[in-house]
Amino acid sequence: MAQTLKDTLKEIQILLGKPQRKIAGTLKYYLNFLNIQETPEKEAEVPPKKENMQTINHKKITWVDISNPTRRVISQLAQEYPFHPLHLEDCISKGQFPKIEQSDEDQYLFVLLRFPRYKLDEGKIVINQICFFLGKDYLVTVHEDSNDTIANLFNECQENQAEREAYIDSSPSHLLYTIIDQLSKDLASPLQAILTEVDEVEDIVFDDKVSGVHKIGQLRQRIISLRRVIGPLKTLLADMEERVNKFSSTNLKVYFENITHRIDKAWETLEEARETVEIYKDADFTFSSEKTNKILAVLTLIFTLTIPA
């Protein structure tokens, strides 16, 4: 191999007096001989892949928003902030229980919430998991890419100075309140869809020509899904009021109480819808039983009349 390299260097020295095209051709030959592969220009021009992490700096407050988190992004986040590994793991894992936990020495507050989102085109209620890391001068939000509410708020703050002043204000706790307040307002869409279906089920149940078993079953499933989400929110938001104030210079208790009242009203609406659907289910079962009894009576009469024959 050493002898080959010496021969190659001698050949290059000889070629110094020859045309440039001849030199290039000879060099390419020896590169192929030594198994040295040239890197294509197109591959060198490909930019590095961007991760779904964005940052807004307002005064001394930082908002970091992460959509569709990966382990690579979470590891970068762990290098910049003193977050516990279990909290970071909760951001990646799906189907976690809602929780609110405070770190040691009150460095930050970790909040994991679940909010429903109604897909109008598919008629489905999708549950989104959202994680918050609240510190003295920062707020980190980790969520799925399908959460349009947080994405819209982030874009408004990024593009408009007035929106940044209104949403972030003077503390990251106010920004946390703004996000949760908007997410709680979005509950109106799935609740309205539930109430609309309740009215439709009423017409189906009291119609002798139509069976409402399948419709009632689907409606009960949606109500149960919303109850599983809104129920824990009532408990967590009541506990969040005092804990969030530790990271804010202003008292936000009144603000969070407003969200709590909205959640309580949504829960009452769901309870009323659930009771109504249960009544419709019993009524549909009664009508079906009565119809079945009539059919059996007719069949019994026919069978009795055909016995002598």
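The structure this text deals with has already been given above.
Below is a summary of the structure that appears in this document. (Residues numbered from 1 in each chain as written. Predicted model: local features only at pLDDT ≥ 70, side-chain atom pairs only at ≥ 80, totals over all residues. Heavy atoms only, no water.)

Remarks on the packing of aromatic side chains
Stated precisely, the cut-off is as follows: The rule is short: rings of Phe, Tyr and Trp, with Trp giving its six-membered ring, pair when the centres are within 6.5 Å, and they are stacked under 30 degrees, edge-to-face over 60, tilted in between. Strands are runs of DSSP state E lasting at least two residues, helices are runs of H or I lasting at least four, and both sets are numbered from the N terminus onward. Burial classes: relative accessible area under 20% of the type maximum marks a residue as buried, over 50% as exposed, and values in between as partly exposed (1.4 Å probe, protein chains only).
Per the counting criterion, the structure on display carries ten aromatic pairs. Each ring, one from Phe-83 and one from Tyr-138, has its centre 6.0 Å from the other, and the planes form 55 degrees; the classification is tilted. Within this pair, whereas Phe-83 is found in the loop between helix H4 (71–80) and helix H5 (85–92), its partner Tyr-138 is found in strand E6 (residues 138–143), the two being separated by 55 residues in sequence. Judged by its relative accessible area of 8%, Tyr-138 falls in the buried class. Ring centres 5.9 Å apart and planes at 55 degrees place the aromatic pair Tyr-108 and Phe-133 in the tilted group. In this pair, Tyr-108 is assigned in the loop between strand E3 (99–102) and strand E4 (109–119) and Phe-133 in strand E5 (residues 124–134), connecting sequence segments 25 residues apart. By relative accessible area, which is 0% here, Phe-133 ends up buried. Aromatic rings pair up to connect Tyr-81, Phe-83, Tyr-108, Phe-110, Phe-133 and Tyr-138 into one cluster.

As for the nonpolar core
Convention followed: Joining through side-chain atoms within 4.5 Å is the link that ties buried Ala, Val, Leu, Ile, Met, Phe, Trp, Tyr and Cys residues into a set, and such a set is a nonpolar core. Residue contacts are defined here by distance: any two heavy atoms, one from each residue, within 4.5 Å place the two residues in contact.
Counting 56 residues, the largest nonpolar core has Trp-63, Leu-113, Phe-132, Ile-179, Ile-180 and Met-240 as the members making the most contacts within it. Sorting the residues of this core by element identifies strand E2 (61–67), E4, E5, helix H6 (148–159), helix H8 (172–185), helix H9 (188–205), helix H10 (213–245) and helix H11 (253–305) as the ones contributing at least two each. Here the element with the most residues in this core is H10; it accounts for eleven residues. Apart from residues no more than four positions distant in its own chain, Trp-63 is found in contact with Gln-54, Thr-55, Ile-56, Leu-139, Thr-141, Ile-150, Leu-153, Phe-154, Cys-157, Leu-175 and Ile-179. Counting residues in hydrophobic clusters, the runner-up holds 18 residues, among them Ile-66, Phe-83, Ile-92 and Leu-112.

Here we look at the sheet that holds E6
Think of a sheet as strands paired side by side through backbone hydrogen bonds, with each pair either parallel or antiparallel. Defined as follows: Pairing between strands requires that DSSP locate at least two bridges from one strand to the other. Note on geometry: axes are lines fitted to C-alpha atoms, helical ones only across the stretch in contact, with angles between N-to-C directions running from 0 to 180 degrees.
Overall, mixed pairing links the six strands, which are arranged E1-E2-E6-E5-E4-E3 in an open sheet. The open sheet has two edge strands, strand E1 (53–58) and E3, and neither has a second partner. Between one strand and the next, the sheet's axes are offset by a mean angle of 20 degrees, whatever the strand orientation. In this sheet, E2 lies alongside E1 in antiparallel orientation, the contact comprising six bridges. Along E2, the bridge assignment pairs Met-53 with Ile-66. Across the sheet, H9 touches E4 and E5, and the angle it forms with E4 is around 40 degrees.

Digging into H4
Rules: Directions are taken from the helix axis to each C-beta atom, and the arc is the one they span.
Within the sequence span of H4, burial applies to Val-73, Ile-74 and Leu-77. All buried residues of H4 fall inside an arc of 95 degrees around its axis, so they share one side. Turned more than 90 degrees from where H4 packs its buried face, Arg-71 and Gln-79 sit exposed. Looking at the buried positions of H4, the neighbouring elements they touch are E1, E2, H5 and E6.

Looking at the environment of Glu-165
With respect to the helices and strands, Glu-165 occurs in helix H7 (residues 161–167). Sequence separation between Glu-165 and His-58 is 107 residues, and the spatial gap between their C-alpha atoms is 8.2 Å.

What about the side chain of Thr-260?
Here Thr-260 lies in helix H11. Judged by its relative accessible area of 13%, Thr-260 falls in the buried class. When residues no more than four places from it in sequence are discounted, the contact partners of Thr-260 are Leu-237 and Glu-241.

Some thoughts on the packing of H6 against H8
Let me state the cut-off plainly: Here the angle decides the label: under 35 degrees means roughly parallel, over 145 means roughly antiparallel, 65 to 115 means roughly perpendicular, and every other value means oblique. Each crossing gets its hand from how the near helix is turned against the far one by less than a right angle, where anticlockwise is left-handed and clockwise is right-handed. The residue classification treats Ala, Val, Leu, Ile, Met, Phe, Trp, Tyr, Cys and Pro as nonpolar and Asp, Glu, Lys and Arg as charged. All others, Gly included, are polar.
Two numbers describe how H6 lies on H8: the axes approach to 10 Å, and their chain directions differ by 135 degrees. When the interaxial angle is binned, H6 and H8 end up oblique. Taken as a pair, H6 and H8 cross one another with a handedness that is right-handed. Mapping the contact onto sequence places Thr-149, Ile-150 and Leu-153 in H6 and Thr-178, Ile-179, Gln-182 and Leu-183 in H8. For the contact of H6 with H8, a count of residues per class yields four nonpolar, three polar and no charged.

Focus on the pattern of salt bridges
Side-chain pairs of opposite charge can arise whenever the charged atoms involved come near each other. Spelled out, the test is: By definition, a salt bridge exists where a carboxyl oxygen of Asp or Glu is found within 4 Å of a side-chain nitrogen of Lys or Arg.
Counting across every chain of the model gives twelve salt bridges. In this structure, Lys-185 and Asp-181 form a salt bridge, with 3.4 Å as the shortest nitrogen-oxygen distance. On the criterion of helical spacing, the pair formed by Lys-185 and Asp-181 is a turn pair, its members being four residues apart in helix H8. For Asp-181, a relative accessible area of 10% corresponds to the buried category. Among the ionic pairs, Arg-274 bridges to Glu-271, the shortest N-O distance being 3.2 Å. With a gap of three residues between them, Arg-274 and Glu-271 both fall in helix H11, about one helical turn apart. Since its relative accessible area comes to 18%, Glu-271 is described here as buried.

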